[in-house]
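Summary of structural features
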Amino acid sequence: MPQSAGVISGIQRMVLYETRARYFLVGTNQAQTKHRVLKIDRTEPKDLVIIDDKHVYSQQEVRELLGRLDLGNRTKIGQKGSSGLSRAVSAFGIVGFVRFLEGYYIVLITKRRKMADIGGHSIYKIEDTSMIYIPNDSVRVTHPDEARYVRIFQNVDLSSNFYFSYSYDLSHSLQYNLTLLQRPYELWTTPESSAEEEVQTQSKQDSFDIFEDEGLPTQVVYGLQNEPYYKYVWNGKLLERVKDIVHHDWLMYIIHGFCGQSKLLIYGRPVHITLIARRSSKFAGTRFLKRGANCEGDVANEVETEQIVHDASVMSFTAGSYSSYVQVRGSVPLYWSQDISTMMPKPPIRLDQADPYAHVAALHFDQMLQRFGSPIIILNLVKKREKRKHEKILSEELYPAVINLNQFLPPEYCIDYIAWDMARYTKSKLCNVLDRLSMIAENVVKRTGFFINRSDFYCHTLRPDDRWGDLGGRITASGRVQTGVLRTNCVDCLDRTNTAQFMVGKCALAYQLYALGMIDKPKLQFDTDCVRLFEELYEDHGDTLSLQYGGSQLVHRVKTYRKIAPWTQHSKDIMQTLSRYYSNAFSDADRQDAINLFLQVYQPSESKPHLWELPTDFYLHQRNTMALPQDRRSYTLWWSEGILSFLPVAYDEVPCEETMKKVKVKRVNRFDESIDIYTEFFKPYELTSFDDTFCIAMTNSAREFMPKTVGVDPSPFTVRKPEETGKSVLGNKSSKEETLLQRKTAASAPPPPSEEAISSTSEDDSEEDRDDDGSVSQRSTPIKLLTESGESTRTQEELQQQQQQSAKEPYGLNLAEFPAEDDLLIYERFARLGESQHTVERTEHINLSNIICLEPVSCFPEDSVYAVSPPQVDRDSREEFESHVMMGQGQVRVLCRDDMLMYREYVKNRYM
């Protein structure tokens, strides 16, 4: 069966050129060998007219085209002073097209920054955007409220936590993207793809093929273009107007949430740990203004978190080892809200509508069964015992809803419900919160399993582990697949939820590293470099999501629940609470309006009231309030058709007729630029520096967390004391400021001043070290001046002892002790060996037994400081070296069939 590969976007850089009547958007691939041109009309005041000729231009053709446009648009023929075609802006992608009350705007990405790398697929963060008005000023029809809508739209800060990729589908999980490559596509060759192939062959008929008579067969690869999962796409509505008009290379979908990557070095072997959080664009908003669920089953603050672990020593998806684990957070799927007009820190919870048949919960869990399969496990962390009912109201409604839905499902696919009052356990001095969470996490990971694209190692058979045999999920020919998902919630889905997700992720990480052959048993301890690195990632992840939804960073962290946070953390928690209250009370309404306008939930029109005139946005998010539903779903058969027949596997990952409609397949050559991820990543046509590569600058466990003293075990799985810890990742000022810049919330107003100075993660160890060093340096001089002679001698003795102890730490010996006799004897023999080397002539025979006794330390017969056995070189390496030597002498070896094939494709792609 031919291999499959994802299609890389053919447009990664673009330049916008401007004339009076049109905009010309010229897009090119990374190698700048293929170009496309988009023509945007500027004479229409309120309509969007875009022409895409679907033609692929070479670099020379584009230059000639732009030259003709420049010449044809000058005011006077032959005039050289004023150009008819001016360059407006350079960009890296199109966010979308939007219209308020006047004409259309185009939003372009003008700056980007690489954030992660998964199998050679780069993930970028949007750093800056440009919003350009399309119609010419001569045809512009002004409206007084247009500027206000533009300001509201720009309140969504696209430079904070929006991500995209040219070659990797960020809206889907790694499990979906890799299982997509393993489907039997020869059974689903679409007529559109074959028609596109005919067009490509017709366009190449005019070009001369120097290899036409060679008769060399080319290996066919299926290029896959998959439809994104629109729930996690944030510019889907902005591209909807042009989706069916332009070539798919122009369409670039962005996600909102978090993306972070760190490198775990295991004795020099690199393992990349990536954390990707996808925030749902359905029923999206801020903390108190979006609670519960809407009529379609979409819940507030729904975030899908995926942790990816892969062995970075092998890059490709086909040959490398990749593992992932997915979990979800989201508001309780009921009709509920909180009234913020009372200006209380904790407004009362109220149930807005009665839902006796759990219709909304059924729609929500139907979506989850379709995307994740079974079992669906709910971890409910809200309070159970309260003097006045507050959080308990949600549990009393959710549990009966789950019981009602489960009675219609088969017993093996029922929804699991775990209720645990985390806040009550935290206040108790007898209970350890994280121990209880680790027990829950172990049971959850055993039920759902995790994804890995390789089969078990032989070492798992040699050293079997009991927990490995009990692991759930589904075992396939190529590895394991995660079936089902954990859904965690508290009231806000912020602090408690993030700690619970960290503990589940830590348990899953142990299984992932064990499956990759990195550790001998699937268990990780706290206070190791590996877990510290993972904790930093999760706290960055929690802070970012908390800023986006709640308006402040996390209040309670993992250290808070471990009860090892210092007393300075309490003042930080108070400031974060005040910051969150300020944001919820004064800026959330403006942020909610901006999100509604950006996601096109509200589309301005002169016949409708303005966005700021609406008393509530309830009707914008609840479609059934504006129109009667055409079909009423069954209360008993509440799942979608076809889902049950494939459980426990997710319906979206099954190769059936319905799911294959979302994939476009085309047959391409294996050296084609559209699927060549090697050329995309390494850029052999450019001069690059190793120091500038992303993997060098990435957070590194050995550099950032491992102690700098000599003699320490370099393993990242060794438990270390707090004073042995290396410098924190966010210890230096520059990286701290950079992290704060990364974590600006979307659609946020300027944060209160106190928030700027607060670090995103607890830096207690590094700050204490700095304070101690500073205190010693400041006090040493005045103490010497004020002390008397007796005290000064005593101080000198103490200083000598301190110096001796400080020398023992890096060198492993105490300078005050006299060397042992064996050490002196060895040193004396070494000195005599040096003396005899200078006195004895080289012609004389040296009797080594008279000088020093040498014992062989190697298993090789001739491998010592005097003689080394030459290494054995295989035949292929010798032939490769000989061919290089011959080429230097002007003798070229005969090209083999593979060389001819590769050269043929290179010439075709580059010059024809």
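Let me sum up the structure you'll find in this document.

Rules used in this analysis
- Residues numbered from 1 in each chain as written.
- Predicted model: local features only at pLDDT ≥ 70, side-chain atom pairs only at ≥ 80, totals over all residues.
- Heavy atoms only, no water.
- Helix = DSSP H or I, 4+ residues; strand = E, 2+ residues; numbered from the N terminus.
- Buried < 20%, exposed > 50% of the residue type's maximum accessible area, 1.4 Å probe, protein only.
- Contact = heavy atoms within 4.5 Å.
- Areas by Shrake-Rupley, 256 points an atom, 1.4 Å probe, with all protein chains shown as cover.
- Salt bridge = Lys/Arg side-chain N within 4 Å of Asp/Glu carboxyl O.
- Pairing = 2+ DSSP bridges.
- Axes fitted to C-alpha atoms, helices over the stretch in contact; angles between N-to-C directions.
- 1 Å grid on protein atoms, 1.4 Å probe; cavity = no way out; pocket = protein on both sides within 12 Å on 5 of 7 lines; lining within 4 Å.
- Points joined across faces, edges and corners; volume = space filled by probe spheres on them.
- Nonpolar A, V, L, I, M, F, W, Y, C, P; charged D, E, K, R; others polar.
- Phe/Tyr/Trp six-rings, centres within 6.5 Å; stacked < 30°, edge-to-face > 60°.
- Lys NZ or Arg CZ within 6 Å of the ring centre and 35° of its normal.
- Arc of directions from axis to C-beta.
- Patch = residues over 30% accessible without salt bridge, like charges linked within 9 Å, V, L, I, M, F, W, Y side chains within 5 Å.
- Lys, Arg positive; Asp, Glu negative; His and termini not counted.
- Charge placed at Lys NZ, Arg CZ, Asp CG, Glu CD.

With respect to the overall build of the protein
- Within the protein, the secondary structure is distributed over 27 helices and 25 strands.
- For the protein, the proportion of its 912 residues judged to be buried stands at 48%.
- Looking at the protein alone, contacts between residues at least 24 apart form 73% of all its contacts between residues at least 6 apart.
- Working note: accessible area of the protein is about 47400 Å², and carbon and sulfur atoms make up 53% of it.

Side note on the pattern of salt bridges
- Going through the model one piece at a time under the given rule, you end up with 27 salt bridges.
- Measuring nitrogen to oxygen at the nearest pair gives 3.2 Å for the salt bridge that ties Glu704 to Arg703.
- For Glu704, a relative accessible area of 19% corresponds to the buried category.
- A single network of salt bridges, built from pairs that share partners, joins Arg278, Glu304, Glu306 and Arg371.

So, the sheet that holds strand 11 (residues 220-226)
- Taken together, three strands build an open sheet; the order of strands is 1-11-24 and the sheet is mixed. Unpaired on one side and paired on the other, strand 1 (4-6) and strand 24 (663-669) mark the two borders of the sheet. Taken pair by pair, the neighbouring strands of this sheet meet at an average axis angle of 35°, ignoring direction.
- Bridge count between strand 1 and strand 11: three bridges; the pairing is parallel. Bridging from a neighbouring strand, Gly6 pairs with Leu224 of strand 11.

Some points on empty space enclosed by the protein
- Applying the stated criterion across every chain yields a total of eight cavities of 30 Å³ or more.
- Computed from the structure, the largest cavity encloses a volume of approximately 160 Å³.
- Lining of the largest cavity is provided by His172, Ser173, Gln175, Tyr176, Ser324, Val326, Arg371, Phe372, Gln482, Gly484, Asp652 and Glu653.
- Residue assignment for the lining of the largest cavity shows that the elements contributing at least two residues are helix 3 (174-180), strand 15 (322-329) and helix 6 (359-372).
- Its residues placed into classes, the lining of the largest cavity shows three nonpolar, six polar and three charged.

Remarks on the pairing of strand 2 (residues 13-18)
- Pairing of strand 2 with strand 3 (residues 22-28) involves six bridges; the strand directions are antiparallel. By the bridge assignment for strand 3, Arg13 is matched with Thr28.
- The sheet contact formed by strand 2 and strand 6 (residues 86-91) spans five bridges and is antiparallel. Note on strand 6: the bridge partner recorded for Tyr17 is Arg87.

So, the sheet that holds strand 6
- Taken in spatial order, the five strands make up an open sheet running 5-4-3-2-6, and their pairing is antiparallel. Strands with a single pairing partner mark the edges of an open sheet, and in this sheet they are strand 5 (50-52) and strand 6. Strand-to-strand twist of the sheet, defined as the mean angle between neighbouring strand axes without regard to direction, takes the value 20°.
- Taken together, the three bridges between strand 4 (residues 35-41) and strand 5 define a ladder with antiparallel strand orientation. Looking at strand 5, one finds that Leu38 is bridged to Asp52.

Quick word on the environment of Val894
- By the element assignment, Val894 lies in the loop between helix 26 (875-888) and helix 27 (897-911).
- Note on Val894: relative accessible area 75%, which makes it exposed.
- Remark: the alpha-carbon pair of Val894 and Ser883, spanning 11 residues in sequence, is separated by 9.8 Å.

A word on the packing of aromatic side chains
- Scanning the model with the defined rule gives 29 aromatic pairs in all.
- Ring geometry for Tyr230 and Tyr253: centres 5.9 Å apart, planes at 85°, overall edge-to-face. Within this pair, whereas Tyr230 is found in the loop between strand 11 and helix 5 (236-239), its partner Tyr253 is found in the loop between helix 5 and strand 12 (255-266), the two being separated by 23 residues in sequence.
- On the basis of relative accessibility, which here comes to 27%, the residue Tyr230 falls in the partly exposed class.
- On the basis of relative accessibility, which here comes to 21%, the residue Tyr253 falls in the partly exposed class.
- Taking 5.9 Å as the distance between ring centres and 70° as the angle between the ring planes, the aromatic pair formed by Phe502 and Tyr538 counts as edge-to-face. On the criterion of sequence distance, the pair formed by Phe502 in helix 12 (residues 495-515) and Tyr538 in helix 13 (residues 529-550) is long-range, its members being 36 residues apart.
- Residue Phe502 is classed as buried on the basis of its relative accessible area, which comes to 0%.
- A relative accessible area of 1% means that Tyr538 is categorised as buried.
- Members of the aromatic cluster, each reached through a chain of ring pairs, are Phe100, Tyr105, Tyr133, Tyr149, Phe153, Phe162, Trp234, Phe598 and Trp612.
- Lying over the aromatic face of Tyr124, Arg112 brings its terminal NZ or CZ to 4.4 Å of the ring centre.
- Residue placement shows Arg454 over the ring face of Phe457; its charged tip is 3.8 Å from the ring centre.

What about helix 2 (residues 146-154)?
- Within helix 2 the residues assigned to the buried category are Glu146, Tyr149, Val150, Ile152 and Phe153. Angularly, the buried residues of helix 2 cover 165° about the axis, an arc narrow enough to put them on a single face.

Side note on the pairing of strand 13 (residues 269-279)
- Taking burial as the measure, the 11 residues of strand 13 include nine buried ones, the bulk of the element.
- Sheet analysis places strand 12 next to strand 13, joined by 10 bridges and oriented antiparallel. Its bridge partner lying in strand 13, Leu265 is registered against Pro270.
- Connecting strand 12 to the antiparallel partner strand 13 that follows it, the hairpin turn spans two residues, and Tyr267 within it adopts a positive phi of roughly 55°.

Here's the deal with a positive patch on the surface
- Taken together, the side chains of Lys384, Arg385, Arg424 and Arg436 make up a positively charged region of the molecular surface.
- Relative accessible area serves as the criterion here: at 33%, Arg436 is assigned to the partly exposed category.

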